[in-house]
Amino acid sequence: MRNKKSGFARTKTYPHKRHPANYRKKDNDLIEYVTFTHSDEVLIGNQKIKTKSLSKNIDKRKQGEGVSKVLPIVFEGKRSSLGKEEKLYLSKEDFLIVEEIFKSSPHKKVPITKNSKQKK
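Definitions and cut-offs
Residues numbered from 1 in each chain as written. Predicted model: local features only at pLDDT ≥ 70, side-chain atom pairs only at ≥ 80, totals over all residues. Heavy atoms only, no water. Helix = DSSP H or I, 4+ residues; strand = E, 2+ residues; numbered from the N terminus. Rg over C-alpha atoms; globule rule 2.2 N^0.38 Å. Buried < 20%, exposed > 50% of the residue type's maximum accessible area, 1.4 Å probe, protein only. Contact = heavy atoms within 4.5 Å. Areas by Shrake-Rupley, 256 points an atom, 1.4 Å probe, with all protein chains shown as cover. Lys, Arg positive; Asp, Glu negative; His and termini not counted. Charge placed at Lys NZ, Arg CZ, Asp CG, Glu CD. Pairing = 2+ DSSP bridges. Salt bridge = Lys/Arg side-chain N within 4 Å of Asp/Glu carboxyl O.

Here the focus is the overall build of the protein. From N to C terminus, the protein includes 1 helix and 10 strands. When the helices and strands of the protein are listed from N to C terminus, the series reads β-β-β-β-β-β-β-β-β-α-β. In terms of overall size, the protein behaves like a compact globule, its C-alpha atoms giving a radius of gyration of 14 Å where 120 residues would be expected to give roughly 14 Å. Dimensions of the protein along its principal axes, counting C-alpha atoms only, are 45 × 40 × 25 Å. Considering the protein as a whole, with its 120 residues, one finds that 42% of them fall into the buried category. Pairs at least 24 apart in sequence give 60% of the contacts found in the protein among residues at least 6 apart. A total of about 8,200 Å² of accessible surface is found on the protein, and carbon and sulfur atoms cover 50% of it. Of note, the protein has its 30 positive side-chain charges centred 7 Å away from the centre of its 14 negative side-chain charges.

If you want it as structure tokens, here you go:
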């Protein structure tokens, strides 16, 4: 199986459970990613963060159900912090918004997650 350099996947638990994320490979298993939501504000820890609206929904099947919003924080962690690949997309206008977030937004380390369940 080929290792992808970028794509979409769902978050496992951090920063919020089962939200779509757009990731980019940095080095070996290290990635950086931004997450998407439909909320105007997101609570991470004890801090409320305003989201940025995109022009379209990132899921083609839900185009008429409103627009997606992106959290303006870049998370850094391992590829194992995300789930399996998703078939989502960004329009050209939205791609530029996400590009700007990757370049200029604050980066936050993701707590290490394990890919397998531990046995006792």
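Next up on the list: the pairing of strand 8 (residues 74-78). Counting buried positions along strand 8 yields 4 of 5 residues, so the element is predominantly enclosed. Pairing analysis gives 4 bridges linking strand 3 (residues 30-37) to strand 8, with the strands arranged antiparallel. Within the sheet, the bridge partner assigned to Y33 lies in strand 8 and is F75. When strand 8 meets strand 10 (residues 107-109), the two strands line up parallel, connected through 3 bridges. Paired with V74 across the bridge in strand 10 is H107.

Now for the pattern of salt bridges. Applying the stated criterion across every chain, the model contains 8 salt bridges. Notably, a salt bridge pairs E86 with R10, separated by 3.6 Å at the nearest N-O pair. One end of the pair, E86, is in strand 9 (residues 82-86); the other, R10, is in strand 1 (residues 6-11), and 76 residues separate them in sequence. One salt-bridge network, held together by shared partners, links K26, E76 and K109.

Without other data, these values stay purely geometric and don't point to any function.
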